[in-house]
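Next come the chains, spelled out residue by residue.
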Amino acid sequence: TNLNAYYSRRDTKNIAATLAGNGAINNTNPFFIPGPTRGTTGYNVAFNFAPVFGNTVTQPQRFDSWGLTPTADIKLNANWNMRLMANYGHSWNNTIENAINGGNLAAALAGTTTATALNPYDLKQTNPTVLASLLDNRNYAVAKQDMAEARAVIDGAIATLPAGDVRVAIGAEFHWERIDASIAFGSNAAPFRNAVKASRAVKSLFGEVFVPVFEQLDLTGSVRYDHYNDVGGTTNPKIGFTFRPVSGISLRGNFGTSFHAPSLADTVGAVDARVSHGFFFPGTNGLHNIWISGGNANLKPETAKTWSLGGDIIPAFLPALRISATYYNIDFTDIIGTAFGAFFGGAPAYANPENARYFILNPTLAQVNSFGGAGLGVDTWSSLASLYSTFGAPYAVLDARRYNRGRLKQEGIDFDVSLNQPTEFGSIQARVGGTYTLKRKTSETNNGIYIDQLQNGTGRLNLTSSLGASVGRLTARAQWSRRGGYPILFNPLQSRVASYNVVDLYFAYDLKNIAFLKEAQLTLNVDNVFDQDPPFLTTGSGYGNGSTFGRLFQLGVRTRF
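What you are looking at is a predicted structure, and each value in this text was computed from that prediction instead of being measured.

Caption draft 1: Fine view of the nonpolar core. The biggest cluster of nonpolar side chains holds 17 residues, and the ones touching the most others in it are Phe47, Phe49, Leu105, Leu118 and Leu134. Going through the elements one at a time, strand S3 (42-48), helix H2 (102-109) and helix H3 (128-134) are the ones with two or more residues in this core. Each residue touching leucine 134, except ones within four places of it in the same chain, is listed here: Phe49, Ala99, Ile100, Asn101, Asn104, Leu105, Ala108 and Leu118. Listed in part, the 14 residues of the second largest apolar core include Trp291, Phe343, Tyr395 and Ala400.

Printed below as a string of structure tokens:
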């Protein structure tokens, strides 16, 4: 028997850039400054609040968790064993996000006296009471989650063949989870509130058999049945084989199905239902966008069928070398996701037919309400109507809720060649591994109409290679990573994004048995040695196919107590 227990508390203070604001100012504001290039009666202004609120804003978070996991291994007889496991865990997290009150900001820009108006040109000249009203907004979220599990597995031999024992394992499992979450956002005096409580129970039965048909061939088969109290039952089998025709060469394959129920946080446990807006979407002609967030109680489980064939070679003349390759084929149905991120790509996102159901251009207030915004709280604003009265109709309303977004069919080849050769001075390590995508097609809502993603945003080849050595206490390694370029559609300014190549260095010095240290290591990482920028992309952030902090040095110490 064994008992593991843990408790953890993590306090985090995220330091973000200073708060920013934007909006319309006109000549009724006593601080208004006309200009020949800006207009004599009114124009839009954008600014940050660093002069009055500081260069940064703190967003605190706390995460507490604890758990207990008892286990027991029981030998029933010479052939049969039982393993018992239970687990209970609890977590609590709290996040606070401070933001500018958009409604109060718009009112301050529209102020008609020095006592009520905001001076965006010199914020320090603004009445302190007006400035204080702009900070009357925050997101305050609290969530508690509980999980309990119990599992029992019996395994043993049921027969003996010339190549070995036929072994089986059968088991049962019970899983329970609960979420209790709430969020308050908007004005501190009268925030919008969302709160949910939801739970789920899952009962499972499973079994597996291993058959050594003869010395060169093993067969495996398994099946699992899960019954969810909210989404029903599912049965998923898997079969596989390993064939060793000659020493040092093995061939393998498998076929199976899988099932993944939507999380409580995506369905009845979602607390993020709200309306938000922003001006930071590219290609929207300077207009703001509105988007609707939230879960979806009608989500269906994700399912998949997968199969693969592969092989491994360990040559007798060089046992330090291993060569592996695997062909895989995935058919993934009812994928859960959101279209929100796509719209940061600008105009091409609106031209992509896969996104057509997730937006309405130039929507009226009534259309936004019918789209799902009716009755929801609005980030930093008292109401959707007040947002419309200040900024007018948005460029688009976006549906950022979770959906079963369709089907994915993908096939490709994973490969890996590695060498770990001992030497008189230590060892030499080398590796090349990656994946080559043969096909990737998606179909919106399983409608049978597929878009070839290899022609729109997916590269064929991604690989990582490294070369290193260990000499005494010192280990050094250089690594080259490559993300293959890819074509893009629906963008009249660009048809392809270039590949991205990055070189990283790693050094480690073993401090074992130095002074009072029994086990320790000094490390140095140099990421992106040549300070490569990610490839240029005309939309969104201006880059694609990777991201980087630039050249980054990280010095660390690892030890064990």
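Caption draft 2: Focus on the environment of arginine 551. Residue placement: arginine 551 occurs in the loop between strand S28 (520-527) and strand S29 (552-559). For the pair formed by arginine 551 and valine 502, sequence separation is 49 residues and the distance between their alpha carbons is 10 Å. In this structure arginine 551 touches Val526, Asp527, Asn528, Val529, Phe530 and Asp531, once residues within four positions along its chain are discounted. A distance of 2.7 Å separates the side chain of arginine 551 from the backbone oxygen of valine 529, its partner in a polar contact.

Caption draft 3: Seen up close, the layout of surface pockets. Here the largest pocket is characterised by a volume of approximately 960 Å³. Lining the largest pocket are 40 residues, with Ala342, Asn352, Gln453, Asn456 and Gly457 sitting closest to its centre. Looking at the lining of the largest pocket, the elements that each hand over two or more residues are helix H4 (347-351), strand S20 (407-422) and strand S21 (426-443). A class-by-class count of the residues in the lining of the largest pocket yields 13 nonpolar, 21 polar and six charged. Roughly 640 Å³ of volume is contained in the second largest pocket. Taken together, 23 residues make up the lining of the second largest pocket; nearest its centre are Ala20, Ala99, Ile100, His277 and Thr380.

Rules used throughout
- Residues numbered from 1 in each chain as written.
- Predicted model: local features only at pLDDT ≥ 70, side-chain atom pairs only at ≥ 80, totals over all residues.
- Heavy atoms only, no water.
- Core = buried A, V, L, I, M, F, W, Y, C linked by side-chain atoms within 4.5 Å.
- Buried < 20%, exposed > 50% of the residue type's maximum accessible area, 1.4 Å probe, protein only.
- Helix = DSSP H or I, 4+ residues; strand = E, 2+ residues; numbered from the N terminus.
- Contact = heavy atoms within 4.5 Å.
- Polar contact = N/O pair within 3.5 Å; in protein donor to acceptor, adjacent residues only side chain to side chain.
- 1 Å grid on protein atoms, 1.4 Å probe; cavity = no way out; pocket = protein on both sides within 12 Å on 5 of 7 lines; lining within 4 Å.
- Points joined across faces, edges and corners; volume = space filled by probe spheres on them.
- Nonpolar A, V, L, I, M, F, W, Y, C, P; charged D, E, K, R; others polar.

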